[in-house]
Amino acid sequence: RFVSTILDEHQLTVTELSAGGEILLYSRAQTRIFVESCEPLNVQYKLWKESDPKPENYSLLSRTSSVPEDTAVLDLKEDSLGPEERYKLDVLVSPKRLSNWEIFGQTITLNSRSGYPLKILDIGSEFPVLSPTTANAVEVTVGSFDSELSFLWKFTPNNLKLLSDNKSPRLVFEGTLSDQPLSSGETYTFTITVADKYQSISASRSFDVNVTPKDGSIQVFPLTGSELETQFTFNLTAWNDEHTPLRYETYLLVGSTRQLLSTRAWDKLELPAGPIEDNYEVTLEFNIFDSYGADTRIKRNIQVLPLPADRLPGVIDSKLSTLQATVNSSARILTEDDSQKVLGTIFVLDQATSRIDDGSEATNPQKLDFKTRFWNITSKTAKGATPQLKTQEMIFDVVQNLSLQPAYLIPSLIEKAFEIYSSTFADPAIVEESQVKSIISGLGNLLNRISEDPVLK
């Protein structure tokens, strides 16, 4: 039995050869020929190029060895082989008890090529389990000297919603099926086939869908209160998952917007009034995540009654003054959690500001003052916070509204407007085309307003 193993830093493949079989050699890897028997051996090796006009010279290799064990080994070093050549190797074997070499003789064809052998080193994912709610990626790592490789992914069950081509090294797919999470605990098997111009190899790996946290409870108190005054307390307790530590996020849902208000398991929140058509109810969404991102989402409705119209501006002003003092304090460095709380409070106050009577921000100086203070506070909030989309839109709206203000208000805000825009552009979270267009539109309106006023110009 003749066995070939191609070696470099990894053991790669083992091939059993029948008479007339072929071995693929690589100029940058060592090829080892094993001759196995059931008893001690006498072995002769004779190697020559297929194109050699006088193969009987055996110019490349001619060796005889007596092996006391049952396995003989021949190492072909890379410096003895040329790229893209064909070789012939005679292997003549006889048990020591016999003297006739030809009985066990075999000629093996060797095809050499440049570089390293193709191999699949790993099939991996960011986490050892698949997320049942967010996007996943499975990626193959390949060792090859060739730059032109082809890839083909297959998976079972075959119901995944792909976000990428299945003919690339990285397969990206949704964590949901028809708007439903992947089934917790289900197993998916991914098979990748990689090919170069010489060969094709495949490998598979299975991943389980992560199980979301369970068995916990959510307490919210009170269930009815007043906007910006009542402190609604929530407590998330007894949640279990094998992947710890757990983390928590609480969102306020307003239309299609999800505003993060807290990243704690226990907290107190002040909320804006709910719409009258919904009996003044607002919706909080509680998210409990394990360490790999699988999350359980639970919603709770709370009745938040509006403040009297004559009290609302004063309460907003007081809350803003407290926020400004917190953000401006040189004695305190805001943590990411602090920053998220500030952004969440700004969102809540902005919702309340929209209920102030007597016109829009363009005609109501009090609304404009609040909006301006909103983005002043936002711009000074710690950079560690993840900006929320609604807060960014507030910045855009405020600057766009400058073009509608009386001329005397604009000069004092121009410099700040450009400062805010510059910092916003530098934020990697600004990736959506609609947001970039909003920035350009706001700048355009502001510059047009300046150019049309002789004093400003």
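Overview of the structure. Since the model is a prediction, treat every value here as computed from it, not as a measurement. (Residues numbered from 1 in each chain as written. Predicted model: local features only at pLDDT ≥ 70, side-chain atom pairs only at ≥ 80, totals over all residues. Heavy atoms only, no water.)

**Observations concerning the sheet that holds strand 12 (residues 136-143)**
Pairing between the strands of a sheet is mediated by backbone hydrogen bonds and can be parallel or antiparallel.
Next up, step 1: Pairing is antiparallel in the open sheet, where three strands are placed in the order 10-12-14. The open sheet is flanked by strand 10 (119-125) and strand 14 (170-173), the only strands paired with a single partner. Going across the sheet, the axis of each strand differs from the next one's by a mean of 10 degrees, ignoring polarity.
Next up, step 2: In this sheet, strand 12 lies alongside strand 10 in antiparallel orientation, the contact comprising six bridges. Bridged to Ser125 within strand 12 is Val138. (Pairing = 2+ DSSP bridges. Helix = DSSP H or I, 4+ residues; strand = E, 2+ residues; numbered from the N terminus. Axes fitted to C-alpha atoms, helices over the stretch in contact; angles between N-to-C directions.)

**Side note on unusual backbone geometry**
Next up, step 1: Backbone torsion omega between Thr156 and Pro157 reads -10 degrees, so that peptide bond is classified as cis.
Next up, step 2: Structurally, Pro157 can be placed in the loop between strand 13 (150-156) and strand 14.
Next up, step 3: Put simply, Thr244 and Pro245 share a cis peptide bond, and its omega is 5 degrees.
Next up, step 4: Inspection of the secondary structure assignment puts Pro245 in the loop between strand 21 (232-237) and strand 22 (247-254).
Next up, step 5: For Leu228, which is not glycine, the phi torsion reads 60 degrees and is therefore positive.
Next up, step 6: At Ala238, a residue that is not glycine, the phi angle is positive and equals roughly 60 degrees.
Next up, step 7: As for its position among the elements, Ala238 is in the loop between strand 21 and strand 22.

**Considerations on the sheet that holds strand 26 (residues 295-305)**
Next up, step 1: If you walk across this open sheet you meet the five strands as 20-26-25-22-23, and the pairing is mixed. The open sheet has two edge strands with one neighbour each: strand 20 (224-226) and strand 23 (257-262). Averaged over all pairs of adjacent strands, the angle between their axes in this sheet comes to 40 degrees, without regard to strand direction.
Next up, step 2: Sheet topology places strand 22 next to strand 25 (residues 281-289); seven bridges connect them, and they run antiparallel. Within strand 25, the position partnered with Leu253 by the bridge is Thr283.
Next up, step 3: In this fold helix 2 (residues 336-353) packs onto strand 22 and strand 23, with an angle of close to 130 degrees to the strand it touches most, strand 23. (Contact = heavy atoms within 4.5 Å.)

**Here we look at the pattern of salt bridges**
Next up, step 1: Applying the stated criterion to the full structure yields ten salt bridges.
Next up, step 2: For the salt bridge of Arg170 with Glu139, the shortest nitrogen-to-oxygen distance reads 3.2 Å. One end of the pair, Arg170, is in strand 14; the other, Glu139, is in strand 12, with 31 residues separating them in the sequence.
Next up, step 3: With a relative accessible area of 43%, Arg170 lands in the partly exposed category.
Next up, step 4: Exposure remark for Glu139: the relative accessible area of 36% places this residue in the partly exposed category.
Next up, step 5: For Arg258, the salt bridge goes to Glu285, with nearest N and O atoms at 2.5 Å. (Salt bridge = Lys/Arg side-chain N within 4 Å of Asp/Glu carboxyl O. Buried < 20%, exposed > 50% of the residue type's maximum accessible area, 1.4 Å probe, protein only.)

**Section: the packing of aromatic side chains**
Aromatic rings considered in pairs are described by the distance between their centres and by the relative angle of their planes.
Next up, step 1: Enumeration according to the criterion identifies five aromatic pairs in this entry.
Next up, step 2: With centroids separated by 5.0 Å and ring planes inclined at 40 degrees, the aromatic side chains of Phe127 and Tyr292 adopt a geometry described as tilted. Here Phe127 is found in the loop between strand 10 and strand 11 (129-130), whereas its partner Tyr292 is found in the loop between strand 25 and strand 26, with 165 residues between them in sequence.
Next up, step 3: With a relative accessible area of 27%, Phe127 lands in the partly exposed category. (Phe/Tyr/Trp six-rings, centres within 6.5 Å; stacked < 30°, edge-to-face > 60°.)

**Focus on the pairing of strand 22**
Next up, step 1: For strand 22, the buried fraction is high: six of the eight residues fall into the buried class.
Next up, step 2: Judged from the five bridges that link them, strand 22 and strand 23 form a sheet pairing that is antiparallel. Bridging from a neighbouring strand, Val254 pairs with Thr257 of strand 23.
Next up, step 3: Following strand 22, the chain reverses through two residues before pairing antiparallel with strand 23; Gly255 in that reversal takes a positive phi of roughly 60 degrees.

**Looking at the nonpolar core**
Next up, step 1: Leu228, Leu236, Leu271, Leu284, Ile302, Ile316 and Leu320 are the most contacted members of the largest nonpolar core, which has 36 residues in total.
Next up, step 2: Looking at this core, the elements with two or more residues in it are strand 19 (217-221), strand 21, strand 22, strand 25, strand 26, helix 1 (312-328), helix 2 and helix 3 (365-380). (Core = buried A, V, L, I, M, F, W, Y, C linked by side-chain atoms within 4.5 Å.)

**Details of helix 1**
Next up, step 1: When the terminal C-alpha atoms of helix 1 are compared, their 24 Å separation across 17 residues agrees well with the 24 Å that a helix rising 1.5 Å per residue should span.
Next up, step 2: Every buried residue of helix 1 is accounted for by Leu312, Pro313, Val315, Ile316, Leu320, Leu323 and Val327. The buried residues of helix 1 all sit within an arc of 160 degrees when viewed along its axis, so they share a single face. (Expected span 1.5 Å × (residues − 1). Arc of directions from axis to C-beta.)

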